[in-house]
Amino acid sequence: MGEGSQSAKKRIVRRCPFVASAEVTDLSSETRRTGRTSELGLGGCYIETPDPFLKGTLVQLRIFRGQGVFETQAKVVYSHNVQLNSGMGLAFQEITPNQRSLLEDWLAEIVTILGRLS
């Protein structure tokens, strides 16, 4: 594999460690999965769940943190189902301005906390 194809696979947007409850619903079948986030960024997140959806699945995502709920449509960009480490990477689709503002607030809090720890 050439260097160019490796670069193409790198995330464009950095993700931060972020643990919160999540609900992911397949838009076509309305099948719902619950799990938790382990990483979050402006462009997507990683959801740990024992039964992830397949790559390419369009989903409705809800992330619950404190009194806030972040909600957007997303696409499963990768999925793996390994006994002790199953989950899926989601790329956010169209985020409304209010939801983007909430997401930015959460990420700003994380960056502030991580800055204090280093």
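Residues numbered from 1 in each chain as written. Predicted model: local features only at pLDDT ≥ 70, side-chain atom pairs only at ≥ 80, totals over all residues. Heavy atoms only, no water.

K.L.:
So what's going on with unusual backbone geometry? Residues and values would help.
P.N.:
Residues other than glycine seldom take positive phi values, yet E30 does so here, at roughly 65°. Looking at where E30 falls in the secondary structure, it is placed in the loop between strand 2 (21–26) and strand 3 (32–40). Under the relative-accessibility criterion, E30 is labelled exposed at 66%. (Helix = DSSP H or I, 4+ residues; strand = E, 2+ residues; numbered from the N terminus. Buried < 20%, exposed > 50% of the residue type's maximum accessible area, 1.4 Å probe, protein only.)

K.L.:
So what's going on with the environment of N85? Which residues, and what values?
P.N.:
The residue N85 is located in the loop between strand 6 (68–80) and strand 7 (87–92) in this model. Sequence separation of N85 and T49 is 36 residues, and the distance between their C-alpha atoms is 8.4 Å.

K.L.:
A description of the packing of aromatic side chains should follow, citing residues and the corresponding values.
P.N.:
Geometrically, a pair of aromatic rings is defined through the distance of the ring centres and the angle of the planes. Following the criterion strictly, the structure yields three aromatic pairs and no others. Summarising the aromatic geometry, the rings of F18 and W106 are spaced 5.5 Å apart at their centres and angled 25° between planes, so their arrangement reads as stacked. Pair noted here: F18 is in the loop between strand 1 (16–17) and strand 2 and W106 is in helix 2 (residues 97–117), with a separation of 88 residues, a long-range link. On the basis of relative accessible area, F18 is assigned to the buried category, the value being 4%. Considering the side-chain rings of F70 and F92, the 5.2 Å spacing of their centres and the 55° angle between planes classify their relative orientation as tilted. A residue pair is termed long-range when its members are at least 10 positions apart, and F70 in strand 6 and F92 in strand 7 qualify at 22 residues. For the residue pair F70 and F92, the accessibility class agrees, reading buried in each case. (Phe/Tyr/Trp six-rings, centres within 6.5 Å; stacked < 30°, edge-to-face > 60°.)

K.L.:
Help me get a handle on the nonpolar core, residues and values and all.
P.N.:
As a rule of thumb, soluble globular proteins bury nonpolar side chains together. Among the nonpolar cores identified, the biggest contains 23 residues, and L40, L61, I63 and L90 are the most heavily contacted of them. Those elements that place two or more of their residues in this core are strand 2, strand 4 (44–48), strand 5 (58–65), strand 6, strand 7 and helix 2. No other element matches the five residues that helix 2 contributes to this core. If we skip the residues at most four places from it in the chain, L90 touches R15, V24, G43, G44, C45, I47, V59, L61, A74, K75, V76 and V77. (Core = buried A, V, L, I, M, F, W, Y, C linked by side-chain atoms within 4.5 Å. Contact = heavy atoms within 4.5 Å.)

K.L.:
Any chance you could break down the pairing of strand 6 for me, citing the residues and the numbers?
P.N.:
Where strand 5 lies against strand 6, eight bridges are found, and the strand directions are antiparallel. Paired with V59 across the strands is A74, a residue of strand 6. Counting the residues between successive antiparallel strands, the hairpin from strand 5 to strand 6 contains two residues, one of them, G66, with a positive phi of roughly 60°. Across six bridges, strand 6 lies against strand 7 in antiparallel orientation. Looking across to strand 7, one finds that Y78 is bridged to G89. (Pairing = 2+ DSSP bridges.)

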